[in-house]
Structures are given as C-alpha cells and as structure tokens.
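The residues making up each chain are set out below.
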Amino acid sequence: MIETLLPVLSFTMAAALSPGGATTLATASGAQFGFRRSVPFILGISIGMLTLAAAGALGLANLIQTFPTIELVTKLIGTTYLLWLAVKIAMAPPPPTAQTSPLEQDTNSDSKPIPFVGAFGLLWLNPKGWAVTIGAAASFSAITQDPTELAMILGGAFAFSGMLSMALWCSLGFSLSLLLTSDWQWRTVNVTLGVLLIASVIPMWL
C-alpha cells in the first residue's frame with residue numbers, strides 16, 4: 001500500500017504546491033485577511049480538488065471528448081472569474097490597522113475573503129485543474145481496476161495535498177503582511193499578486 005500511495009502523493013503534492021492561480025489567491029487571502037478568515041477558501045480548494053480528482057478517475061476525460069464545448073465554456077467562465085479576482089486584488093486597499101477591532105473590520109470593510117463556494121467553483125472552472133486530475137487518473141490507472149477505488153485514492157491524495165499547499169501559501173501571505181508597514185508597500189504587493197494571477201490565466205489558452 002505504501003509503495004502505491006507514495007508516487008500518488010508525490011504527484012499530487014508537486015501539482016498542488018506549484019505556483020498558480022489557487023496558490024496566488026491563497027497568498028493574497030492570507031495577507032489581506034489572515035489565516036483564520038481564509039479557512040473557508042482553503043477548504044473550498046481542497047474539496048474542489050477532491051471532487052475534481054474523483055471525477056477524473058470516474059471518466060471526466062470521456063465526457064470532455066464527447067462534449068468538447070464543455071471545455072471551451074469552462075475556460076471562458078474560469079478566465080473571466082480569475083481576471084475579475086485579479087483586478088479586485090490589485091485594487092484592494094490596505095487592510096484595517098491592527099488597532100481596529102475584528103468587529104469594526106468586518107463592519108467597515110466591503111472586502112471579504114473568497115467563500116467556500118467561490119473557492120470550490122474556482123477548481124471546477126480551471127481547465128488546468130482538469131488536465132492535472134485527468135492526467136493523474138491516466139497515470140495511476142494501473143494501481144487498481146476499480147474506478148471507484150481509484151477515485152477514492154486520488155481524491156484523498158489531492159484533498160490532502162491541496163489543504164497542505166493552501167495552508168502553506170496562506171501562511172506565507174500572512175507572514176508577508178507582518179512585514180508591510182506602509183500603504184505603498186501594501187499596494188505594491190496587491191498589484192504584484194494581481195499581475196501574477198493574470199499570468200496564471202495565460203497557460204489555459206496555450
């Protein structure tokens with residue numbers, strides 16, 4: 001069993017930890033809202049990876065081949081969503097100061113972390129995520145003849161790797177926020193994260 005799971009975990013960890021749209025959003029959320037308020041985002045990404053990986057193991061590739069328009073529509077919606085998030089991040093003001101109470105922060109600021117549903121949908125609207133999970137299903141199809149068992153293995157591995165990756169990138173963002181002491185530093189970081197998120201969209205169309 002260990003010999004079977006180690007290659008799967010290595011693959012999913014490499015896919016989840018590599019920089020991309022989700023990791024950029026996790027960093028931005030950690031910097032802007034802190035780790036605790038970013039937990040729904042982390043869970044949404046993790047469950048999204050679980051279900052997408054399970055779908056890949058159960059035949060998502062066949063569905064795309066049968067209805068190729070699905071991929072194009074998903075790509076268009078996903079790109080629009082990510083570009084909107086990129087602009088929102090780039091234009092975000094510095095967060096409330098540490099002297100402001102959490103209640104006042106929630107009341108006075110219109111900016112909110114990406115919710116669970118938004119993060120979950122982000123995975124399902126990202127063709128790159130489809131490609132990774134379908135690739136994993138094809139690469140590890142030999143470990144079991146039962147598609148349901150493969151879905152459970154890949155789903156669990158992607159969920160674990162996704163949660164660990166999002167937690168690490170979110171913590172990195174929070175740690176970065178502790179070093180920012182002026183408005184111009186915050187705006188520089190926010191614009192940089194927005195540009196990186198836009199850059200993550202480009203591979204979808206290559």
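Residues numbered from 1 in each chain as written. Predicted model: local features only at pLDDT ≥ 70, side-chain atom pairs only at ≥ 80, totals over all residues. Heavy atoms only, no water.

## Points about the overall build of the protein
For the protein, the count of helices and strands is 10 helices and zero strands. Overall, the protein shows an N-to-C arrangement of helices and strands of α-α-α-α-α-α-α-α-α-α. Whereas a compact globule of 206 residues would reach a radius of gyration of roughly 17 Å, the protein reaches 18 Å, a difference of no more than 12%. For the protein, the spread of C-alpha atoms along the three principal axes comes to 60 × 40 × 25 Å. In the protein, which comprises 206 residues, the share counted as buried stands at 42%. Within the protein, counting contacts between residues at least 6 apart in sequence, those at least 24 apart form 86% of the total. Accessible surface, the protein: about 10,800 Å² in total, of which carbon and sulfur atoms supply 72%. (Helix = DSSP H or I, 4+ residues; strand = E, 2+ residues; numbered from the N terminus. Rg over C-alpha atoms; globule rule 2.2 N^0.38 Å. Buried < 20%, exposed > 50% of the residue type's maximum accessible area, 1.4 Å probe, protein only. Contact = heavy atoms within 4.5 Å. Areas by Shrake-Rupley, 256 points an atom, 1.4 Å probe, with all protein chains shown as cover.)

## Remarks on the confidence of the model for the protein
Averaged over every residue, the pLDDT of the protein is 87; residues scoring 70 or more account for 91%. Taken together, the stretch residues 98-108 has pLDDT below 50 and engages in five contacts with residues farther than four places along the chain or on a different chain. (pLDDT = per-residue confidence, 0-100.)

## Quick look at helix 7 (residues 116-124)
Within the span of helix 7, buried status applies to Gly118, Ala119, Gly121, Leu122 and Leu123. Taken together, the buried residues of helix 7 touch helix 2 (21-37), helix 3 (39-57), helix 5 (69-90) and helix 8 (127-139).

## Observations regarding the packing of aromatic side chains
Tallied over the entire structure, the rule returns three aromatic pairs. Between Tyr81 and Trp84, the ring centres sit 6.3 Å apart and the planes meet at 15°, which makes this aromatic pair stacked. Placement of the pair is Tyr81 and Trp84 together in helix 5, with a separation of three residues, close to one helical turn. Residue Trp84 is classed as partly exposed on the basis of its relative accessible area of 49%. Geometrically, the ring pair formed by Phe116 and Phe120 is stacked, given 6.3 Å between the ring centres and 20° between the ring planes. Placement of both Phe116 and Phe120 in helix 7 is noted, with a separation of four residues, approximately one turn of the helix. Note on Phe116: relative accessible area 36%, which makes it partly exposed. (Phe/Tyr/Trp six-rings, centres within 6.5 Å; stacked < 30°, edge-to-face > 60°.)

## So, the packing of helix 8 against helix 9 (residues 147-177)
In the contact formed by helix 8 and helix 9, the axes pass within 11 Å of each other and the chain directions differ by 135°. Viewed along their axes, helix 8 and helix 9 adopt a mutual orientation that is oblique. In this structure, the crossing between helix 8 and helix 9 has a hand that is right-handed. Note on element contacts: helix 9 touches helix 8 through Leu150, Leu154 and Phe158, opposite Val132, Thr133, Ala136 and Ala137. Looking at side-chain class alone, the contact of helix 8 with helix 9 contains six nonpolar, one polar and no charged residues. (Axes fitted to C-alpha atoms, helices over the stretch in contact; angles between N-to-C directions. Parallel < 35°, antiparallel > 145°, perpendicular 65-115°, else oblique. Left-handed = near helix turned anticlockwise from the far one by under 90°. Nonpolar A, V, L, I, M, F, W, Y, C, P; charged D, E, K, R; others polar.)

## Section: the nonpolar core
Counting 45 residues, the largest nonpolar core has Leu25, Phe41, Ile45, Leu82, Leu154, Met166 and Leu197 as the members making the most contacts within it. Of the residues forming this core, the biggest block, nine residues, is contributed by helix 3. The contacts of Leu82, once residues within four sequence positions are left out, are Leu25, Leu122, Leu197, Val201 and Met204. (Core = buried A, V, L, I, M, F, W, Y, C linked by side-chain atoms within 4.5 Å.)

## Quick notes on the packing of helix 2 against helix 10 (residues 183-201)
Where helix 2 meets helix 10, the closest approach of the two axes is 9 Å, and the angle between their N-to-C directions is 160°. What the angle tells us is that helix 2 and helix 10 run roughly antiparallel. The element helix 2 and its partner helix 10 pack so that their crossing is left-handed. Residue-level contacts link Gly21, Thr24, Leu25, Thr27, Ala28, Ala31 and Gln32 of helix 2 to Trp186, Asn190, Leu193, Leu196, Leu197 and Ser200 of helix 10. Residues belonging to the contact of helix 2 with helix 10 are distributed by class as follows: seven nonpolar, six polar and no charged.

## Focus: the side chain of Thr24
Relative to the assigned elements, Thr24 resides in helix 2. Under the relative-accessibility criterion, Thr24 is labelled buried at 9%. Only 2.8 Å separates the side chain of Thr24 from the backbone oxygen of Gly20, close enough to count as a polar contact. (Polar contact = N/O pair within 3.5 Å; in protein donor to acceptor, adjacent residues only side chain to side chain.)

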